[in-house]
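# Chains, contacts and geometry: an overview
Listed below, chain by chain, are the residues.
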Amino acid sequence: MAGKRAAAAARRGTPAAPPPTPTTDQKLALYYWMRLTRSLEERLVALHRQNKLVGGVFRSLGQEADAVGSAFALEPADVVSSLTRNLGSLLVKGATPVEVIRQHMGTADSPTGGRDLGLHFADIRRGFIGHVSPLGNMVSVMAGVTLSFKMRGERRVGLVYVGDGATSTGAFHEGLNFAGVQRCPLVVIVENNGYAYSTPTRVQTAAARFVDKAIGYGVVGERADGNDVLAVYDLTKRAVNRARDGGGVTLIELMTYRRRGHAEHDNQSYVPSGEVDRWAADNDPIDRYLRVLLDRVKVEESAIGAIDARVAAEVDEAVELASRSPSPTGADALRGVLAAPPAAARLWYR
Amino acid sequence: MAEITYLEAIREALFEEMERDPNVFCLGEDVGVFGGAFKVTDGLRERFGAGRVVDTPISESAIVGAAAGAAHMGMRPVAEMQFIDFIANAYDMLTNYVATSRYRTGLACPMVVRGPSGGYVHGGPFHSQNPEAAFLHTPGLKVVAPATAEDAKGLLKAAIRDEDCVLYLEHKFLYRRIKGTMPAGDHVTPIGRARVARTGEDLTIITYGAMVWKALDAADQLGQEDGLAVEVIDLRTLAPLDDDAIFASVKKTNRVLVAHEDTRTGGLAGEITSRINESCFEWLDAPVLRVTAHDVPLASSPVLEEFILPQTADLMAAARRAARY
C-alpha cells in the first residue's frame, strides 16, 4: 500500500515526504565538489593558454551548484548523462581530475585515447555517459538507458541535462516525449543559463519558462534556483525518488547564469555590460554556499581551508600526472571502430 | 520442413532470438498490438508481452536513441522503422551517436535497425526508398540486405547477435513473393560473406536484395538466348563488403555488371567498381558497368516507377554490351 500511495503522490508532483536533510559531511562534500570543479577548470584555462590542450575549454563558472547538487542526488548505480557545463556532475560520479585533463590534452591514456574532446567520455561502470555535440540526443539515449532499468525491474534512475538551447532540438522533444509516455525513471534537467552560444533565451523560445514545457509532455515539472546547491540537491533528490518509486519523468528547470563565453575563445560581446559582473558579485554559487556553511551550518573556517588545500593538491597532482602522458600514435586511429573487424584497413600508400 | 515466406522468416528469427535471449526486445511504431504495418512482428506481443514489444511514438530519432541507450546497458534492441524511408529522421542519431559511440568512448551499441525498403510496389517517394548509400559511408555501422528467405532469417539472427549496430534492410517486394526452407537448427548467416547465387564463366552480375532475382532471370535468359554463362553474386552484406568473393568472381569471368535498385550517383555500385579497378584491373576484359535506378526520386505511377527502376531487360542490355566489348 505504501508503494501505491507513493506512486499516486508521485504522479501528483512533489512526494509527500521530503528527502532527509544532508548531513554536515554531505554538505562539506558538496563544497568540495564545487571547489574541485572550479579549480580544475581554472587549471584547464591555464593549460589552454599555454597551448597544451587540444580544442577549447568550456567553463561552468557560476554553474557549479547546478551540476554538483543534482548529481549528488544520485546513487552509485544510477546513470548520468552530463553536458558541456557538467564537469561537476562527472566528478561526483567518479571521473577523476587526471582523466579530465588527459581528455583535454588528447593523450593516449585519456578516456577516449585522443578520439574525442573535453567532457565527451563515458564509463558505464561508474555510471556516466558524456554528451555528444548534436544537442538533445542524450535525452533519447537516456530514455533507452532508463527503459532498460524498467524492463529489468532495477530500481535505478537516470539523469540527463540539456541547456536552454537544446530544448529547441527535435531530439529533445522526441526523447522527452518518449521517456514520458514510457514512464521511464528519468530526470531531465534544463539548465537555463541565459545563453546558447550567443543566443539569449528570448530568441530561443517564446515560452516564458522552460518548466512549463512539462505540461505538454504530461510529466512533473519543477523549477529551482540553480545557484543554490542545497535547493538543487533537494529538488533533484525528490525527482530521483519519484522516478525510483515508479513516478516517471520529472522535468526540472534550474535558473543559473553562464559567466564565461560559450568557450574560452568567446569574448561575450553580445552580453549587456554589467550583467556578468552583477552575477559574479551577487550570485556566485560557491560564495553563496560558503556563507551558508559558515553562518548557518557553523562550519569552522579551518574545515573550508582544509578542503581548499586538498583540492589544490589534487589538481596539482593531476596536472603533474597528465604532463607525463604519451600522445597517441597515428595508426591508433584505425582500431575499435567495430568489434569485428578489430581495426579498419590501412591504406596501402600510408 | 515446410517452406515459409521471406516475411515469415524474419518473424521466425525474431521469435527464436527473443526466446533464446531475454535481453532481445523489439520497439517501433505499431509493432506491438497491431503487429507492424506489414505484420512482421505479429504475435510477438502475445508471446513476449508489452514489456518486450514496445509500441513507441512516431519518433524515429528517439527510437534509435533509446535503442542505443538500452544497448549500452546490455539489452539487444531490434528497432523497426515502419518504412525504411523514415530512417532519415534518425540519420543524426545513427551517424553522430550510434556509429561513433564505441570508437569514442568504448560504449558499444549492439542493436538492429530494421525496416521495409525498396520499390517495385508503387509505393511512391516515401515508401520505396533504398537508404543504404547514406549509411555505407558511415564508419561504425554494418548494413545487410537479404535476398532469400533463408538469409532473411539467418542474417537477422546474426545481426541481433552482433556486437555493433546492424542496419537490416528487408525488401518489401520480397515479403510474400518468395519462400524458402529454413535449415534445421540454429540457422545463422555470417555477416560479411557474399553468396554465389548462380555460377557462370562468362560474366558476373554483382547485386543484392530484390535485384538478385532480376539478375537470376536475366542470367537464365542470357543463357538461353546468347549462350552466356552468367554468374550472380548476392552480396548479402553491404558493409563490410566481401571483397574476396567479389574479386574471385571478377578474376574468373573478367566481365562485370554491378547492379542496384538504389539511384546511381554516390551509390554502392560506384564503390564496388572502384575496388575492382584497384584490385582486378589486369583481369578485366571490359569496363565495369553499372545498372541502377535513374537519379530521380521514386515516382508512384507504375509506368514511371518501371521506367526509373532497373529491370531484367536493362541487365540483359548491359550484359550484352559487356560481353561483346
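Our structure is the block above this text.
Residues numbered from 1 in each chain as written. Chains lettered and ligands numbered in written order. Predicted model: local features only at pLDDT ≥ 70, side-chain atom pairs only at ≥ 80, totals over all residues.

## Describing the overall build of chain B
Short version of the rule: For the purposes of this entry, the term helix denotes a DSSP run of H or I that reaches at least four residues, the term strand denotes a run of E that reaches at least two, and both are numbered from the N terminus. We compute the radius of gyration from the C-alpha atoms alone; for a globule the expected value is 2.2 Å times N to the 0.38, where N is the number of residues. Any two residues are considered in contact once their C-beta atoms, placed from the backbone, lie within 7 Å.
Within chain B, the secondary structure is distributed over 11 helices and 14 strands. In terms of C-alpha radius of gyration, chain B reaches 19 Å, essentially the compact-globule figure of 20 Å for 325 residues. The principal-axis extents of the C-alpha atoms in chain B amount to approximately 60 × 40 × 40 Å. A sequence separation of at least 24 residues applies to 79% of the contacts in chain B between residues at least 6 apart.

## Overview of the overall build of chain A
For clarity, the cut-off: Residues with at least 20 other C-beta atoms within 10 Å of their own are called buried, those with 12 or fewer are called exposed, and the rest are partly exposed. The C-beta atoms themselves are positioned from the backbone.
Summing up its helical and strand segments, chain A has 13 helices and 9 strands in all. Taken along the three principal axes of its C-alpha coordinates, chain A extends 65 × 50 × 40 Å. Here chain A, with 350 residues, has 51% of them falling under the buried criterion. Taking the intrachain contacts of chain A between residues at least 6 apart in sequence as the baseline, contacts between residues at least 24 apart amount to 75%.

## Remarks on the environment of Phe58 of chain A
Residue and element names in this part refer to chain A. Secondary-structure assignment places Phe58 in the loop between helix H2 (24–49) and helix H3 (64–71). Here the alpha-carbon distance between Phe58 and Ala309, two residues 251 residues apart in the chain, equals 24 Å. Excluding its chain neighbours within four sequence positions, the residues that come into contact with Phe58 are Thr84, Arg85, Gly118 and Ala263.

## Focus: helix H13 (residues 301–323) of chain A
Residues and elements named next belong to chain A. Condition: What a helix is expected to span follows from its residue count: subtract one and scale by 1.5 Å.
Taking 1.5 Å per residue, 23 residues should reach 33 Å; H13 reaches 33 Å between its end C-alpha atoms and fits that length. Here H13 has its buried residues at Ile307, Val311, Val315 and Ala322. Residues of H13 that are buried in the fold lie against H2 and helix H5 (97–105).

## Notes on the sheet that holds strand S12 (residues 237–239) of chain B
All names here are of chain B. Quick reminder of the rule: Note: two strands are recorded as paired if DSSP finds a minimum of 2 bridges between them. Axis angles are defined between N-to-C directions and span 0 to 180 degrees, where every axis is a line fitted to C-alpha atoms and, for a helix, only to the segment in contact.
Read across the sheet, 7 strands follow the order S3-S2-S4-S5-S7-S6-S12 without closing on themselves; strand pairing throughout is mixed. Whereas interior strands pair on both sides, the edge strands pair on one side only; in this sheet they are strand S3 (53–55) and S12. When the angles between neighbouring strand axes are averaged without regard to direction, this sheet yields 20°.

## Digging into the interface of chain A and chain B
Interfaces are often sized by the accessible area lost when the parts come together. The criterion, for reference: Put simply, Ala, Val, Leu, Ile, Met, Phe, Trp, Tyr, Cys and Pro go in the nonpolar bin, Asp, Glu, Lys and Arg in the charged bin, and everything else, Gly too, in the polar bin.
Chain A puts 34 residues into the contact, and the matching count from chain B is 30 residues. At the level of elements, helix H6 (137–152) and helix H7 (170–181) of chain A are the ones that each hand at least two residues to the side of chain A that touches chain B. At 10 residues, the largest contribution of residues to the side of chain A that touches chain B is made by H6 of chain A. Residue composition of the side of chain A that touches chain B, by class: 20 nonpolar, 11 polar and 3 charged.

## A look at the packing of helix H8 (residues 243–253) of chain B against helix H9 (residues 268–280) of chain B
Residues and elements named next belong to chain B. What counts, and what does not: Crossings are classed by handedness, with left-handed meaning an anticlockwise turn of the near helix from the far one by less than a right angle and right-handed meaning a clockwise turn.
The contact between H8 and H9 brings their axes to 11 Å, and the two run at 65°. Where H8 crosses over H9, the two elements pack in a sense that is right-handed. Packed against H8, whose contacting residues are Asp243, Ile246, Phe247, Val250 and Lys251, the element H9 presents Ile272, Arg275, Ile276, Ser279 and Cys280 at the interface. Classifying every residue of the contact of H8 with H9 gives 6 nonpolar, 1 polar and 3 charged.

## Description of the sheet that holds strand S14 (residues 289–293) of chain B
Residue and element names in this part refer to chain B. Taken in spatial order, the 5 strands make up an open sheet running S9-S11-S10-S13-S14, and their pairing is mixed. Of all strands in the sheet, those bounded by a partner on one side alone are strand S9 (195–198) and S14. Adjacent strand axes in the sheet meet at a mean angle of 25°, parallel and antiparallel pairs treated alike. As paired elements, strand S10 (residues 203–207) and strand S11 (residues 230–234) share 5 bridges and run parallel to each other. Note that in S11 the partner of Ile205 across the bridge is Val232. In this fold helix H11 (residues 312–324) packs onto S10, S11, strand S13 (256–263) and S14, with an angle of close to 170° to the strand it touches most, S14.

## What to know about unusual backbone geometry
The peptide bond linking Ala340 of chain A to Pro341 of chain A adopts the cis configuration, its omega dihedral lying at 0°. Residue position: Pro341 of chain A is located in the segment after H13. Following Ala239 of chain B, the chain continues to Pro240 of chain B via a peptide bond in cis, the omega torsion being 0°. Residue position: Pro240 of chain B is located in the loop between S12 and H8. Even without a glycine there, the phi angle at Arg236 of chain B is positive, about 65°. With respect to the element layout, Arg236 of chain B can be found in the loop between S11 and S12.

## Topic: helix H3 (residues 60–72) of chain B
All names here are of chain B. Taking 1.5 Å as the rise per residue, H3 with 13 residues should run 18 Å; its terminal C-alpha atoms sit 18 Å apart, in good agreement. For H3, the tally of buried residues reaches 13 of 13 residues, placing the bulk of the element in the interior. Just downstream of H3, Gly74 is the residue with a positive phi angle, here 100°.

## Remarks on the nonpolar core
Inside soluble globular proteins, nonpolar side chains tend to come together where they are buried. To keep it simple, the criterion reads: Buried Ala, Val, Leu, Ile, Met, Phe, Trp, Tyr and Cys residues whose C-beta atoms connect them within 7 Å together make up a nonpolar core.
Leu257 and Ala319 of chain B are the most contacted members of the largest nonpolar core, which totals 198 residues. If near-sequence neighbours (up to four positions away) are discounted, Ala319 of chain B is found in contact with Leu203, Ala218, Leu222, Leu228, Val230 and Leu257 of chain B.

## What to know about the environment of Ala158 of chain B
All names here are of chain B. Position of Ala158 among the secondary structure elements: in helix H6 (residues 149–161). Overall, Ala158 belongs to the buried group, with 25 C-beta atoms counted inside 10 Å. Sequence-wise, Ala158 and Gly51 are 107 residues apart; in three dimensions their C-alpha atoms are separated by 23 Å. Those residues in contact with Ala158, other than ones at most four positions away along the chain, are Val188, Thr189, Pro190 and Ile191.

## Notes on the environment of Ile101 of chain A
All names here are of chain A. Topologically, Ile101 is positioned in helix H5. Sequence separation between Ile101 and Leu40 is 61 residues; the distance between their C-alpha atoms is 8.4 Å. The contacts of Ile101, once residues within four sequence positions are left out, are Leu44, Ala318, Val319 and Ala322.

## With respect to the pairing of strand S2 (residues 24–28) of chain B
All names here are of chain B. Within S2, 5 of the 5 residues are buried, leaving the element largely enclosed by the surrounding structure. Of the two faces of S2, both are covered, the one formed by Val24, Cys26 and Gly28 as well as the one formed by Phe25 and Leu27. Where S2 meets S3, 3 bridges bridge the pair, whose relative direction is parallel. Paired with Leu27 across the two strands is Val54, which belongs to S3.

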